[in-house]
Amino acid sequence: MASTQVNPTRMELTKQKKKLVTAVRGHKLLKDKRDELMRQFLDLVRENMELRQKVEAGIRSANTNFVIAKAGMSEETLNTALMAPKQEVYLETGKKNVMSVDIPVFEYKTRTPDANDIYSYGFAFTSSDLDGAVKSLEDILPDMLRLAEVEKACQLMASEIEKTRRRVNALEHVIIPEAQANIKYITMKLDENERSTQIRLMKVKDMMLEEAHHYKEREAERGA
Amino acid sequence: MYKIAVLGDYNSIYGFAALGLDTFPVEDPQEGREKLNRLAADEYAVIYITEQLAEQLSAEISRYSETLIPAIIQIPGISGNTGAGIENVKKSVETAVGSDILFSNE
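One structure accompanies this document, and this report is about it. It should be emphasised that the depicted structure is a prediction, and the values quoted were computed from it without experimental measurement.

**Re the overall build of chain A**
Phase 1 of the analysis: Looking only at helices and strands, one finds four helices and two strands in chain A.
Phase 2 of the analysis: Secondary structure elements of chain A, listed N to C terminal, follow the sequence α-α-β-β-α-α.
Phase 3 of the analysis: Relative to the compact-globule value of 17 Å for 224 residues, chain A shows a C-alpha radius of gyration of 39 Å, a clear excess of over 25%.
Phase 4 of the analysis: Dimensions of chain A, computed from C-alpha atoms along their principal axes, come out at roughly 140 × 30 × 25 Å.
Phase 5 of the analysis: Considering only contacts in chain A between residues 6 or more positions apart, those separated by 24 or more positions represent 76%.
Phase 6 of the analysis: Element-wise, carbon and sulfur atoms account for 56% of the exposed surface of chain A, whose accessible area totals about 13,900 Å².
Phase 7 of the analysis: Seen as two clouds, the 37 positive and the 36 negative side-chain charges of chain A have centres 8 Å apart.

**A closer look at the interface of chain A and chain B**
Phase 1 of the analysis: With 52 residues of chain A in contact, the opposing surface of chain B contributes 47 residues.
Phase 2 of the analysis: Regarding the contact of chain A and chain B, the summed buried area is about 4,400 Å², with carbon and sulfur atoms giving 67% of it.
Phase 3 of the analysis: Together, M49, L91 and K152 of chain A form the three largest contributors to the area buried by chain A at its contact with chain B, with a combined 14%.
Phase 4 of the analysis: Scanning the region where chain A abuts chain B turns up zero salt bridges.

**Focus on the pattern of salt bridges**
All names here are of chain A.
Phase 1 of the analysis: Taken as a whole, this structure holds 18 salt bridges over all chains when the rule is applied.
Phase 2 of the analysis: Taking the shortest distance from any N to any O, the salt bridge between E160 and K33 comes out at 2.9 Å. One end of the pair, E160, is in helix α3 (residues 128-213); the other, K33, is in helix α1 (residues 10-71), with 127 residues separating them in the sequence.
Phase 3 of the analysis: Overall, E160 belongs to the buried group, its relative accessible area being 12%.
Phase 4 of the analysis: With a relative accessible area of 14%, K33 lands in the buried category.
Phase 5 of the analysis: In this structure, R52 and E56 form a salt bridge, with 2.7 Å as the shortest nitrogen-oxygen distance. Of this pair, R52 and E56 both sit in helix α1, separated by four residues, roughly a single helical turn. Here the two residues R52 and E56 agree in accessibility, since each one is buried.

**Quick look at the packing of aromatic side chains**
Phase 1 of the analysis: Summed over the entire model, instances satisfying the criterion amount to three aromatic pairs over all chains.
Phase 2 of the analysis: Measuring from ring centre to ring centre gives 5.8 Å for F24 of chain B and Y44 of chain B, while their planes differ by 90°; the resulting arrangement is edge-to-face. Of this pair, F24 of chain B sits in strand β2 (residues 22-25) while Y44 of chain B sits in strand β3 (residues 44-50), and the two are 20 residues apart along the sequence. Like Y44 of chain B, F24 of chain B is buried.
Phase 3 of the analysis: Members of the aromatic cluster, connected to one another through ring pairs, are F66 of chain A together with Y10 and Y14 of chain B.

**Here we look at the environment of E162 of chain A**
All names here are of chain A.
Phase 1 of the analysis: Along the polypeptide, E162 turns up in helix α3.
Phase 2 of the analysis: Residue classification places E162 among the partly exposed residues on the basis of a relative accessible area of 24%.
Phase 3 of the analysis: Between the C-alpha atom of E162 and that of R34, which follows or precedes it by 128 residues, the distance is 8.8 Å.

What counts, and where the lines are drawn
Residues numbered from 1 in each chain as written. Chains lettered and ligands numbered in written order. Predicted model: local features only at pLDDT ≥ 70, side-chain atom pairs only at ≥ 80, totals over all residues. Heavy atoms only, no water. Helix = DSSP H or I, 4+ residues; strand = E, 2+ residues; numbered from the N terminus. Rg over C-alpha atoms; globule rule 2.2 N^0.38 Å. Contact = heavy atoms within 4.5 Å. Areas by Shrake-Rupley, 256 points an atom, 1.4 Å probe, with all protein chains shown as cover. Lys, Arg positive; Asp, Glu negative; His and termini not counted. Charge placed at Lys NZ, Arg CZ, Asp CG, Glu CD. Buried area = accessible area lost by both parts, 1.4 Å probe. Salt bridge = Lys/Arg side-chain N within 4 Å of Asp/Glu carboxyl O. Buried < 20%, exposed > 50% of the residue type's maximum accessible area, 1.4 Å probe, protein only. Phe/Tyr/Trp six-rings, centres within 6.5 Å; stacked < 30°, edge-to-face > 60°.

Dropping the structure here:
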């Protein structure tokens, strides 16, 4: 079983025992980490799916609105209207630690507090459809940002879960059995050595007694 | 202070300019690749990219999947939804769990 050769010594035995204890502890901790990560991941990924469906539907309808708006006015007017945006969006990024995985937290700020600054044009030459289109896009922006946050978190957590799972499996199926097999091998070898020493001592004792008292010679004399 | 970028063909993304996001219209994948790398190195925390373009830049996008910033998020373009965004969510479930246990029947 033991793939690598270990020296059957007491020192090695202590080492292997320590290794086993560490491995068992690490295994338990990693398993807990994996379970907790998985729990949070499943919640998050459900939210991710919901948001994505919402955002995709929102963008689809916004796109439709834009097409209608485009139909109602000339291409040049549309391009000019959207050429110089008044509003700007900034992101404040932070990170949150979830079971040793850093996930991003985005907080968005607009340059001006006025909600009407998304209309970067005078209303004289543009159709009202464009206003509606821009508004519909603006409505889904918070969801889009939340989606970015959640989707990124899901990706990061998924790869962390995979890594943790591999570690748990490696510990459970390779490291721990190997250490156990090594410990067994060393213990047996040491016991065996001890027995053979015992026997050797008994033999030596016999021989020494024989030399001192000449039992066999006396036995022979008595017999004769 | 980070900003948000939108990458894709002009017709799909021009509306986002009005909201104050930075739009970067690109014509072909090669241009998109260069732009994406530049944006990622620049101070853009979120990059929205149309599914059509993302499909051709998957190698680039996967390079940023392990890093905290930028988050590259696929959005449907003007020509319709390819389902790639949903597919991505399913894929992350698959990576984490081993098989898609949540959305396989949807």
